[in-house]
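# Fold and contact review
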Amino acid sequence: MKAQRTILTLLPLMLALSVSVADAQQKSLTVRYVNSAVPADPGWSGWETGPSVEVTLAPQTVAQPYLLSPSIKRLTVKAVHNGGWIAFLLAWKDATKSSVMYTDTFRDAVALMVPVGKSAPIRMGGPNERALILHWKADWQEDIDKTFQDVAQLYPNAWLDWYPFAPGEPPYDIRHWTNPEARRYLTGWVLGNPRSQPDKRTAAEEQIAEGFSTLTTNERQSAVGKGVYANGGWRVVIARPLVTGDPNDPAWGPGKVVPVAFAAWDGGEKEIGARKGISDWITAKLNPVGAK
Amino acid sequence: MATVKNWQIGREMEYPYPESRPQRQFAAVFDLNKCIGCQTCTMACKTTWTVGKGQEYMQWNNVESKPYGGYPMGWDVRILDKLGPQPWEGGKYAGETIFEAAPTDERVLGYLKEELDWSHSNAGEDEPAGSLDTGGYETMPTHKLWFFYFPRICMHCTYPACLAACPREAIYKRPEDGIVLVDQGRCRGYRECVRACPYGKVLFNPVLRISQKCIGCYPAVEQGIQPRCVTSCIGKVRLMGFLSTPDDVKPDRPIDFLVHVKKVALPLYPQLGLEGNIYYIPPVNVPKEFLRQMFGPGVDQAIETYLKGKDDPELLGLLHLFGDTKEIIESFKTFRESGEAAGYDKKEREVVRVPIKEPDYLRPFFDAARQVYRHNIS
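In this text, all values refer to a predicted model and were calculated from it rather than measured experimentally. (Residues numbered from 1 in each chain as written. Chains lettered and ligands numbered in written order. Predicted model: local features only at pLDDT ≥ 70, side-chain atom pairs only at ≥ 80, totals over all residues. Heavy atoms only, no water.)

## Describing the overall build of chain B
For clarity, the cut-off: Numbering of helices and strands runs from the N terminus, with a helix taken as a DSSP run of H or I at least four residues long and a strand as a DSSP run of E at least two residues long. For the radius of gyration, the atoms used are the C-alpha atoms, and the globule rule reads 2.2 Å times the number of residues raised to 0.38. Under the scheme applied here, a residue whose accessible area is under 20% of the maximum for its type counts as buried, over 50% as exposed, and between as partly exposed, the area being computed with a 1.4 Å probe on protein chains only. Contact between two residues is taken to exist if any of their heavy atoms lie within 4.5 Å; hydrogens are not considered. Where accessible areas are quoted, they stem from the Shrake-Rupley method and a 1.4 Å probe; at the residue level, only the protein chains shown are allowed to cover. Note on charges: Lys and Arg go in the positive column, Asp and Glu in the negative column, and His and the chain ends are not counted at all. All charge positions are set by atom: Lys at NZ, Arg at CZ, Asp at CG, Glu at CD.
Scanning chain B from N- to C-terminus turns up 10 helices and 19 strands. Since a compact globule built from 378 residues should have a radius of gyration of about 21 Å, the 22 Å found for chain B is in line with a globular shape. Here the C-alpha coordinates of chain B stretch approximately 80 × 60 × 45 Å along the principal axes. Among the 378 residues that make up chain B, the fraction classed as buried is 58%. In chain B, of all internal contacts separated by at least 6 residues, the share reaching a separation of at least 24 is 63%. Element-wise, carbon and sulfur atoms account for 52% of the exposed surface of chain B, whose accessible area totals about 15,900 Å². Separation of charge centres in chain B, based on 47 positive and 49 negative side chains, amounts to 4 Å.

So, in structure tokens, the structure goes:
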């Protein structure tokens with residue numbers, strides 16, 4: 001039975017690798033130089049021109065839980081830089097917008113990964129081969145576009161008379177829970193977990209990893225992200241200064257070539273964490289400053 | 001997968017991480033014959049730990065009625081159904097655990113509980129199984145018409161499925177007491193733990209967007225105090241302490257005595273393979289077939305021993321120490337001469353002493369001194 005399991009385990013892995021290798025051979029992404037600001041906005045007119053690349057997403061079959069059949073099969077990717085900032089436009093079809101996290105629902109998300117050093121394993125980096133991961137989340141976008149998804153937003157018909165120590169009155173907006181007695185019940189917020197913060201600055205989280213299970217929020221947050229859902233699909237921009245002075249800055253810059261990999265999650269299909277579609281490394285070529 | 005020893009199923013099994021037992025293991029015994037379903041434990045837990053935002057629906061401690069109740073709904077029958085019929089061979093489990101039966105793409109056999117599953121914690125309350133024919137009557141001890149209250153907290157398992165399933169390694173088991181915790185700073189709300197825990201004891205906080213669970217009242221335990229659900233129990237159903245492995249039994253340790261020496265307290269669904277550390281004295285009125293499925297092959301012996309408890313001064317003495325002190329009882333003694341039982345803390349100080357049998361007082365119907373008649377004296 002054990003031998004059978006091993007073969008079963010390897011099968012999807014082999015399948016995934018064959019797809020990825022074929023993909024890598026044909027894909028490279030030109031990062032166009034633009035002589036303007038690079039806004040984190042999918043509606044920016046600059047996105048209307050320039051080359052794009054179709055990135056195939058393969059099953060994640062290396063770390064359990066696997067995702068044997070990713071819902072999102074491909075991303076359309078464009079990228080620009082202005083010498084100071086780099087921005088990626090990621091677009092894909094998704095019939096359902098998933099942006100609210102009830103106990104049994106998940107949100108849409110997309111991420112890109114760049115090695116911090118010269119290279120890194122595709123498995124979210126490896127020991128001493130760190131990867132920088134920029135991760136956009138639809139629920140954070142919802143927090144920013146509307147308001148933080150507190151109980152009153154999630155369950156408009158819910159009513160609670162009292163939360164101990166909570167200031168104010170029903171529905172006791174979480175953003176007013178500033179006294180330590182009330183905040184002791186808000187574990188994630190108090191511990192600085194970015195997911196639990198009611199006042200989100202942007203919908204992208206900057207993360208670092210040295211292999212599966214090591215994903216950690218980067219101490220310094222420089223990336224910004226914005227996603228818009230329209231016409232049955234998402235258009236998401238993730239942007240970051242090329243150089244921030246952070247030791248986790250990738251070795252990217254005008255005229256340089258860096259590997260970039262992508263992942264996407266369809267919240268409607270309960271994809272989250274390791275349950276994701278992943279690409280292989282794509283070669284991103286940053287045009288020199290001034291290049292047309 | 002590593003091979004680890006799980007004494008509850010009498011064999012080795014596969015688990016994602018190597019065996020790593022804590023220095024001491026948080027454990028408790030719940031006597032199901034005494035629970036009256038008053039939910040005082042639930043309220044004690046609720047008002048202590050889950051009164052924050054996103055915790056409105058959470059019951060880290062809950063009391064459901066068996067056979068029909070469940071929080072989350074159907075947690076037991078659903079995982080049993082997924083696992084399918086599985087055999088025991090005597091004291092050894094010959095079937096597959098939820099780690100061994102996991103599909104190729106998962107670490108643990110489980111399922112994602114739906115929002116509605118958490119929305120009916122009182123479903124099935126007080127609903128009995130079976131029926132009595134016209135003119136029928138109950139016989140002791142097993143009833144034809146039966147139900148029982150079933151208090152539950154996190155099992156603080158030796159092999160937690162939540163910990164096994166977390167791809168972020170955000171769940172850890174404390175080496176000092178075996179309490180299992182979700183790192184609230186590291187959790188990303190993937191809910192792999194919610195899927196994996198067969199007991200349904202990890203819950204997602206939709207406001208903070210991270211998972212949360214029973215913390216074993218560790219701030220109290222660190223000070224030698226039993227958890228809130230234990231000390232608040234008005235039925236004196238519960239006793240919390242520490243449990244040794246079967247090869248290192250300390251007979252004067254209360255939980256060791258009940259679990260390993262007398263074997264009156266049994267694991268819950270041991271066939272799932274988690275080696276949970278909340279043990280139950282099975283209810284004597286319930287058909288054995290049902291109990292064997294829940295508590296494994298030790299049911300018949302446990303009930304027999306329990307029913308003979310009145311003739312066993314040590315067992316009777318220890319059962320009288322349930323709910324009589326907030327201190328964690330590290331060791332206990334019974335005194336036949338005085339008819340008392342006593343419990344001792346970590347420093348071997350006596351923290352509680354109770355009579356095993358309350359003295360009887362017979363008062364005459366007519367009180368000559370006060371010139372009154374007594375009636376309905378209790």
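## Topic: helix α7 (residues 254-261) of chain B
All names here are of chain B. Burial runs high along α7: 7 of the 8 residues are buried. Residues of α7 that are buried in the fold lie against β3 (25-31), β12 (238-243), β14 (278-281), α10 (313-319) and β15 (331-335). Phi for Lys263, located one or two positions after α7, is positive at around 55 degrees.

## A look at the side chain of A:Asp266
Residue and element names in this part refer to chain A. Quick reminder of the rule: Between N or O atoms, a polar contact is any pair within 3.5 Å; within protein, one atom must be a potential hydrogen donor and the other a potential acceptor, and residues adjacent in sequence are included only when both atoms are from side chains.
With respect to the helices and strands, the residue Asp266 is situated in the loop between β12 (257-265) and β13 (277-278). Within the structure, Asp266 has its side chain in polar contact with the side chain of Ser71 (distance 2.6 Å). When near neighbours in sequence (up to four residues on either side) are disregarded, Asp266 contacts Ser71, Ile72, Asp94, Thr96, Asp108 and Glu271.

## Re the interface of chain B and chain A
As a reminder, the rule being used: Note: buried area is the sum, over both parts, of the accessible area (probe 1.4 Å) each one loses when the two are combined. We count a salt bridge whenever a side-chain nitrogen from Lys or Arg sits within 4 Å of a carboxyl oxygen from Asp or Glu. Gly is put with the polar residues, along with every residue not named as nonpolar or charged; the nonpolar set is Ala, Val, Leu, Ile, Met, Phe, Trp, Tyr, Cys and Pro, and the charged set is Asp, Glu, Lys and Arg.
Opposite the 44 residues of chain B that make contact, chain A presents 53 residues. A buried area of about 4,100 Å², summed over both sides, lies between chain B and chain A, and 50% of it is on carbon and sulfur atoms. The tally of links between chain B and chain A comes to 6 salt bridges. The partner of B:Glu106 in a salt bridge is A:Arg275, with the nearest N and O atoms 2.8 Å apart. In this assembly, chain B and chain A are joined by 30 residue pairs in polar contact (both at pLDDT 80 or more). Elements with a minimum of two residues in the side of chain B that touches chain A: α1 (40-49), α4 (192-196) and β11 (210-213) of chain B. With 3 residues, the single largest contributor to the side of chain B that touches chain A is α1(B). Of the residues contributing to the side of chain B that touches chain A, the split by class is 15 nonpolar, 10 polar and 19 charged.

## Side note on the sheet that holds β15(B)
Residue and element names in this part refer to chain B. What counts, and what does not: In short, DSSP must find at least two bridges between two strands for them to pair. Whenever a helix is involved, its axis is fitted only over the stretch in contact; in every case the axis is a line through C-alpha atoms, and angles between N-to-C directions fall within 0 to 180 degrees.
Strand order across the open sheet formed by 3 strands is β15-β16-β17, with antiparallel pairing between neighbours. Of all strands in the sheet, those bounded by a partner on one side alone are β15 and β17 (350-355). In this sheet, adjacent strand axes meet at a mean angle of 15 degrees when their direction is disregarded. As judged from the 5 bridges shared by β15 and strand β16 (residues 340-344), these two strands associate in the antiparallel manner. Pairing of Phe335 across the sheet is with Glu340, part of β16.

## Structural notes on the nonpolar core
Across soluble globular proteins, you tend to see nonpolar side chains buried next to one another. Applied cut-off: Nonpolar core, defined: a set of buried Ala, Val, Leu, Ile, Met, Phe, Trp, Tyr and Cys residues in which side-chain atoms within 4.5 Å join the residues together.
B:Tyr199, B:Leu258, B:Leu268 and B:Phe295 are the most contacted members of the largest nonpolar core, which has 141 residues in total. Every residue in contact with B:Leu268, bar those within four places of it in the chain, is listed here: B:Trp75, B:Phe150, B:Met155, B:Tyr199, B:Ile278, B:Tyr280, B:Met294 and B:Phe295. In terms of nonpolar packing, the next biggest core, distinct from the first, is built from 37 residues, A:Leu29, A:Val110, A:Val116 and A:Val258 among them.

## Notes on the pairing of strand β2 (residues 11-15) of chain B
All names here are of chain B. Most of β2 sits inside the fold, with 4 of its 5 residues counted as buried. Here strand β1 (residues 2-6) runs beside β2; their pairing, made up of 5 bridges, is antiparallel. Counted as the bridge partner of Lys5 is Glu12 from β2. The hairpin turn running from β1 into β2, its antiparallel successor, is 4 residues long, and Gly10 in that turn takes a positive phi close to 65 degrees.

## Examining the pattern of salt bridges
Taken as a whole and assessed by the stated rule, the structure comprises 41 salt bridges over all chains. Residue B:Lys357 is joined to B:Asp360 by a salt bridge in which the shortest nitrogen-to-oxygen separation is 3.5 Å. According to the relative accessible area criterion, B:Lys357 is exposed, its value standing at 60%. One salt-bridge network, in which partners are shared between bridges, spans A:Arg107, A:Asp139, A:Asp143, A:Lys200 and B:Arg209.

## Let's talk about the sheet that holds β14(B)
Residue and element names in this part refer to chain B. Taken together, the 4 strands give an open sheet; going across it, the order is β12-β3-β14-β13, and neighbouring strands pair in mixed fashion. Only two strands of the sheet have a single neighbouring strand rather than two, namely β12 and β13 (266-267). Of the strand pairs in this sheet, β13 and β14 are connected by 2 bridges, and their pairing is antiparallel. Bridging across to β14, Pro267 finds its partner in Tyr279.

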